[in-house]
Amino acid sequence: MFNPPGLAPNTGIPEGLAARMTMDEQYDWHRSYLKRHAVSRRSFLRGSSAAAMAAGFSSFGALAYADGAPLAVAGRHVGFGPDAASQLRFSAQLSRNPGSAKVFLEHGPTPALGGRVEAQVRNLLTQIPRTDGGVLAAEQFYVHAPVNGLPGRIPHFYRWRTSDGFVSEVASAAPAMPSSRAAVLPFRFTMMGDQGIDDTPAHPAGLQPGGYRNKYGKGDAPGARNAAAIQRQIVACKPDFHILAGDISYADPSHGGGPDWFVPSGTSKNEKIDAYNPFVWDNYFQAIEGSAARVPWMFATGNHDMEAVYGTHGYGGLTARLDMPDNGPAGCPSVYSFRYGNVAVLSLDANETCHQYQANLGYSGGAQKNWLERTLAAHRSDPAVDFIVCFFHECAYATGVGGASDGGVRGTFAELFDRYDVDLALQGHNHCFERTDPIRGGRATRVAADNAIVYPETDGTVYYVVGGGGAAHGEFEFGESYRGHELPDTAVARSGLWDADGKQQYEAVQWSRVRYSRYSFIRVDVRPGVFSSEMDVIAIDEFGREFDKVTFRRLVRR
């Protein structure tokens, strides 16, 4: 079965058919369906709902998607280009079809700006079968502007302007620190996965209250805003950049709980055909704007980010909305790398390797693995790089109920991580926090308790699961163990491991060291040195409380 129900967005394909289709085959089904159910462009909702969710930032208001509404820009987000120390990528969403109007990014080294570049407009069409035989049609518009040739780690100011009068406030973002030893100073980044939104989208009309927002985990208070709570803590950390390990917006409700799908009046809700909702992305970009407009956010893709209504293996929507570095293998938009100071960061697409959900299994024809090996070898042989961090969605090592470990991910990535001494493997998918002891060759090499110092060159790779970014939290069958609540024995007698047949087998594991089931993220404080460099990885909950810390130490090579 390629597509077990609930593991990827339901885009209107009958469940029995979708279960046997690859992502590309699902996209072809959509094209065929739409040839038989033509939709007039006049019936599209155009633009963005963009409810005001980030205080102090522009919003579109109630007239969004109306043809006569003012053209506005919101949902701003910034990322690094391929050369992170000199390139920024500015993106945002438009309130409607710009028509003949032009959109510009004004930018410069001071708030006086001085430079201007015309933005590229990307038109994203979404057409989804409805239960009444019709089609939900949406048209959204995103703008992207690259700025190159910037000095490293120096704030660069910008604002958006349209030719018909809209002007955003001025904000700033900074490119990465250069990798030169002489230029390296302490820096910080944050990371989590599985975020989602806390508000019901404004479109399409008639959604039940609570629909499409994050559901509640066990013990959550009604009305809890867990994604917002985590983001507040991330903002308080003042990171230099943020990385998100997939399952970004959850534009469908299949991750469980709460009111799920929208249907025409009188139609059975059990058909679940109308689950995918592109307007969730409007809320998402508004929700993260308070951070992402000023701090580069870098994304990997998870199973809920494969949206079969779009091409490119289900990633066509993401390539319209986001501007990720294009230095990875061809046809793999979420596979890329960048460097910040003495740290090399690689985003990987675990959807291409995982056994639990196989709709995109092997789509690159080996290109991702070959690229990964070349890139790891280049970074590990570069004396300016101390630490290598890889982030991806499905897990090589994890014990959370449901997702747990995936044999395909482990088999593809772990051996290369061992060979090239990867320091950190940052994962999502399981909606919880988990940290392993250092692992090499599939086994823990030593115990790394809270406040331990790890020497990755000899100890191995430490795998983190940081999937508590906002979507309903998960559970552990064999209990939690974290600072102040340590179990005397953290071994797990029976943990899931997905095999090549898409079935969950079980293994006993000794490598699970810290387990925390509720919402959390990590803060990584990097201290480049002359003789040795260090990196503190600190786990923090939704209230700002630290509950685990490990220091990674490496000798500086000459």
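Peer 1: Honestly, empty space enclosed by the protein in this entry has me stumped. Any pointers?
Peer 2: Once rolled over the atoms, a probe with the size of a water molecule shows which space is left empty. Tallying each qualifying case throughout the model produces one cavity of 30 Å³ or more. What the largest cavity holds in volume is close to 110 Å³. Along the walls of the largest cavity sit 14 residues, with Val78, Gly79, Trp297, Phe299 and Asp323 positioned nearest its centre. Taken together, the elements giving at least two residues each to the lining of the largest cavity come down to β2 (73–80), β3 (88–94) and β12 (297–300). Of all the elements, β2 adds the most residues to the lining of the largest cavity, at four residues. Counted by class, the lining of the largest cavity contains nine nonpolar, three polar and two charged residues.

Peer 1: Please clarify how the packing of aromatic side chains should be interpreted in this entry.
Peer 2: Aromatic rings in a pair are described by how distant their centres are and how their planes are angled relative to each other. Taken as a whole and assessed by the stated rule, the structure comprises 27 aromatic pairs. Both rings, one in phenylalanine 392 and one in phenylalanine 413, keep their centres 5.2 Å apart while their planes meet at 65°; by these two values the pair is edge-to-face. Of this pair, phenylalanine 392 sits in the loop between β15 (387–391) and β16 (405–406) while phenylalanine 413 sits in helix α7 (residues 407–419), and the two are 21 residues apart along the sequence. Accessibility classification places phenylalanine 392 together with phenylalanine 413 in one group, the buried group. With 6.0 Å between their ring centres and 65° between their planes, phenylalanine 433 and tyrosine 464 make a pair best called edge-to-face. Highlighted residues: phenylalanine 433 in strand β18 (residues 433–436) and tyrosine 464 in strand β22 (residues 462–466), separated in sequence by 31 residues. Taken together, Phe80, Phe187, Phe189, Phe241, Phe338 and Tyr340 form an aromatic cluster joined through their ring pairs. Note that arginine 116 overlies the ring of phenylalanine 104, its terminal NZ or CZ placed 3.9 Å from the centroid.

Peer 1: What should I look at first to understand the pairing of strand β10 (residues 187–192) in this one?
Peer 2: Looking down a regular strand, the side chains alternate between one sheet face and the other. The element β10 is extensively covered by neighbouring structure, given that five of its six residues are classed as buried. In the sheet, β10 pairs with strand β11 (residues 241–245) via four bridges, with the strands oriented parallel. Note that in β11 the partner of phenylalanine 189 across the bridge is phenylalanine 241. The handedness of the β10 to β11 crossover, carried by helix α3 (residues 226–237), is right-handed.

Peer 1: How do you make sense of the sheet that holds strand β14 (residues 343–347) when you look at a structure like this?
Peer 2: Within a sheet, neighbouring strands are paired by backbone hydrogen bonds and run either parallel or antiparallel to one another. The sheet built from seven strands is open, its strands ordered β13-β14-β15-β17-β22-β18-β25 with mixed pairing. Edge positions in the open sheet fall to β13 (336–340) and β25 (512–516), since each of these has one partner strand only. Averaged over neighbouring strand pairs, the angle between their axes works out to 15° when direction is ignored. Direction of pairing for strand β17 (residues 424–427) relative to β22: parallel, over a ladder of four bridges. Its bridge partner lying in β22, leucine 424 is registered against valine 462.

Peer 1: Got a minute to help me understand the sheet that holds strand β9 (residues 171–173) in this structure?
Peer 2: Here four strands make up an open sheet; going across it, the order is β5-β4-β8-β9 and the pairing antiparallel. Only two strands of the sheet have a single partner each, and these edge strands are β5 (115–118) and β9. Taken over all neighbouring pairs, the strand axes of this sheet differ in orientation by 35° on average, direction set aside. Sheet topology places strand β8 (residues 156–162) next to β9; three bridges connect them, and they run antiparallel. Paired with histidine 156 across the bridge in β9 is alanine 173.

Peer 1: Which parts of the structure should I look at to understand helix α2 (residues 23–36)?
Peer 2: Two residues of an α-helix separated by three or four positions point the same way, owing to the 3.6 residues in each turn. Between its terminal C-alpha atoms α2 stretches 21 Å, which fits the 20 Å expected from 14 residues at 1.5 Å a residue. Taken as a whole, α2 has its buried residues at Met23, Gln26, Trp29, His30, Tyr33 and Leu34. On an axial view of α2, the arc spanned by its buried residues comes to 130°, and they lie on one face. Away from its buried face by more than 90 degrees, α2 exposes Lys35 and Arg36. If you follow the buried residues of α2, they end up packed against α1 (15–18), β6 (120–129) and β7 (135–147).

Parameters and conventions
Residues numbered from 1 in each chain as written. Predicted model: local features only at pLDDT ≥ 70, side-chain atom pairs only at ≥ 80, totals over all residues. Heavy atoms only, no water. 1 Å grid on protein atoms, 1.4 Å probe; cavity = no way out; pocket = protein on both sides within 12 Å on 5 of 7 lines; lining within 4 Å. Points joined across faces, edges and corners; volume = space filled by probe spheres on them. Helix = DSSP H or I, 4+ residues; strand = E, 2+ residues; numbered from the N terminus. Nonpolar A, V, L, I, M, F, W, Y, C, P; charged D, E, K, R; others polar. Phe/Tyr/Trp six-rings, centres within 6.5 Å; stacked < 30°, edge-to-face > 60°. Buried < 20%, exposed > 50% of the residue type's maximum accessible area, 1.4 Å probe, protein only. Lys NZ or Arg CZ within 6 Å of the ring centre and 35° of its normal. Pairing = 2+ DSSP bridges. Right-handed = clockwise from strand over helix to strand, strands pointing away. Axes fitted to C-alpha atoms, helices over the stretch in contact; angles between N-to-C directions. Expected span 1.5 Å × (residues − 1). Arc of directions from axis to C-beta. Contact = heavy atoms within 4.5 Å.

Honestly, it's all geometry; don't read function into it.
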